Amino acid sequence: RLHRPNYILFARYSTDKNEAPYEPLFDAFAEDGDFGNVEAKFQLSLKGRLLASEDRRWGLWFAYTQQNHWQVFESDISRPFRETNYEPEVFGTYHPDVDLGGWRWNLLAFGYNHQSNGRADPISRSWDRLFVEAAVERGDWVLSARAWTRIRLGEYEDDNPDIVDYYGNAELNALYRWRGHTFTLMGRGNPATGKGAAQFTWATRPLLGPLRGYVQVFTGYGESMIDYDWRQTTIGAGISVNERF
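Residues numbered from 1 in each chain as written. Predicted model: local features only at pLDDT ≥ 70, side-chain atom pairs only at ≥ 80, totals over all residues. Heavy atoms only, no water.

Draft legend 1. View of the overall build of the chain. Each helix and strand counted, the chain has 2 helices and 13 strands in total. Taken over the C-alpha trace, the chain has a radius of gyration of 19 Å; the compact-globule value for 245 residues is 18 Å, and the two agree within 12%. Seen through its C-alpha atoms, the chain measures out along the principal axes to roughly 60 × 50 × 35 Å. Taking all 245 residues of the chain together, the buried fraction comes to 43%. Considering only contacts in the chain between residues 6 or more positions apart, those separated by 24 or more positions represent 55%. Taken as a whole, the chain presents about 12500 Å² of accessible surface, with 58% of it coming from carbon and sulfur. (Helix = DSSP H or I, 4+ residues; strand = E, 2+ residues; numbered from the N terminus. Rg over C-alpha atoms; globule rule 2.2 N^0.38 Å. Buried < 20%, exposed > 50% of the residue type's maximum accessible area, 1.4 Å probe, protein only. Contact = heavy atoms within 4.5 Å. Areas by Shrake-Rupley, 256 points an atom, 1.4 Å probe, with all protein chains shown as cover.)

Draft legend 2. Focus on the nonpolar core. Phe91, Trp127, Ile163, Tyr167, Met225 and Tyr228 are the most contacted members of the largest nonpolar core, which totals 13 residues. Elements represented by at least two residues in this core include exactly strand S3 (58–70), strand S7 (126–138) and helix H2 (163–167). Ranked by residues supplied to this core, first place goes to H2 with 4 residues. If we ignore the near neighbours within four places in the chain, the residues touching Met225 are Glu83, Asn85, Gln115, Ser116, Arg125, Ser126, Trp127, Asn160, Ile163 and Tyr167. Judged by nonpolar contacts, the second largest core, of 5 residues, contains Tyr22, Phe35, Ile123 and Ile226. (Core = buried A, V, L, I, M, F, W, Y, C linked by side-chain atoms within 4.5 Å.)

Draft legend 3. Broad picture of the pattern of salt bridges. This model, assessed by the stated rule, comprises 16 salt bridges. With a shortest N-O distance of 3.4 Å, Asp227 and Arg82 are connected by a salt bridge. On the criterion of sequence distance, the pair formed by Asp227 in the loop between strand S12 (211–221) and strand S13 (231–240) and Arg82 in strand S4 (residues 81–94) is long-range, its members being 145 residues apart. Like Arg82, Asp227 is buried. Across the pair Asp97 and Arg104 runs a salt bridge, and its minimum N-O distance is 2.9 Å. Owing to a relative accessible area of 44%, Asp97 belongs among the partly exposed residues under this scheme. (Salt bridge = Lys/Arg side-chain N within 4 Å of Asp/Glu carboxyl O.)

Draft legend 4. Structural view of the packing of aromatic side chains. Scanning the model with the defined rule gives 12 aromatic pairs in all. Geometrically, the ring pair formed by Tyr166 and Tyr221 is tilted, given 5.1 Å between the ring centres and 55° between the ring planes. Highlighted residues: Tyr166 in helix H2 and Tyr221 in strand S12, separated in sequence by 55 residues. Accessibility assignment for this pair places Tyr166 and Tyr221 in one class, buried. Here the basic side chain of Lys47 rests over the ring of Trp61, its NZ or CZ set 4.8 Å away from the ring centre. Looking at Arg129, its charged tip hangs above the ring of Trp148, at a distance of 4.9 Å from the centre. (Phe/Tyr/Trp six-rings, centres within 6.5 Å; stacked < 30°, edge-to-face > 60°. Lys NZ or Arg CZ within 6 Å of the ring centre and 35° of its normal.)

Draft legend 5. Structural detail: the environment of Leu46. Tracing the backbone through its elements, the reader meets Leu46 in strand S2 (residues 38–52). Between the C-alpha atoms of Leu46 and Leu2, which are 44 residues apart in sequence, the distance is 4.6 Å. Those residues in contact with Leu46 that lie beyond four places of it in its chain are Arg1, Leu2, His3, Phe62, Ala63 and Tyr64.

Draft legend 6. Structural view of empty space enclosed by the protein. Here the structure, examined in full by the defined rule, presents 1 cavity of 30 Å³ or more. Looking at the largest cavity, its volume works out to about 80 Å³. For the largest cavity, the full set of lining residues is Arg12, Ser14, Lys17, Asn18, Phe35, Gly36, Asn37, Glu39, Gln71, Arg82, Asp227 and Gln232. When its residues are assigned to classes, the lining of the largest cavity shows 1 nonpolar, 6 polar and 5 charged. (1 Å grid on protein atoms, 1.4 Å probe; cavity = no way out; pocket = protein on both sides within 12 Å on 5 of 7 lines; lining within 4 Å. Points joined across faces, edges and corners; volume = space filled by probe spheres on them. Nonpolar A, V, L, I, M, F, W, Y, C, P; charged D, E, K, R; others polar.)

Okay, structure coming up:
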């Protein structure tokens, strides 16, 4: 099944491109290494159910999400993939089906999440988390909250020891459907450091089969793993297949 949004942004503009982590590579391999402010971005996200109770209220799932940032317009540097993030996770779900003052509590999820960019030093980034998530819905609204704690597996050199300062430990999401259009808003952060991020998306009515026009606006830290400590605002347009956070 589809998991998180599956989309492609044909063009995504950044107000402040992040070249700092790549400078050692540019010095070694490129005479005129320079990323463009406009690139393509796409995400593939799938899940499969491993186990389920007879009434399907309990389930065990495996999911995989991959996000790519592609410098497709930069022919001078051979159109490289600037960043690819890999995110497998294993999680359990429970459907309480409980009424909470007009809101329906339909989801409780908990599990393990790994995220990395699969690169070697000096641009390696990774972390592991345990998370819990709950979601409620009412009419055209869906609200969710996710909290996590970082875990360290084994002894290894941490490439991003301060990642929680920028990503925080929690995330809030809202989804609203209106006349066939879908709008989402995400916010996450760390109150202790005053850092975080927000993202707004708009998916139009279906244009062709399941394909919808799609606009994504992001501001803050951590649009990708390599950018976890880099603040920028981006806006991109393309198409999406499914709606979710």
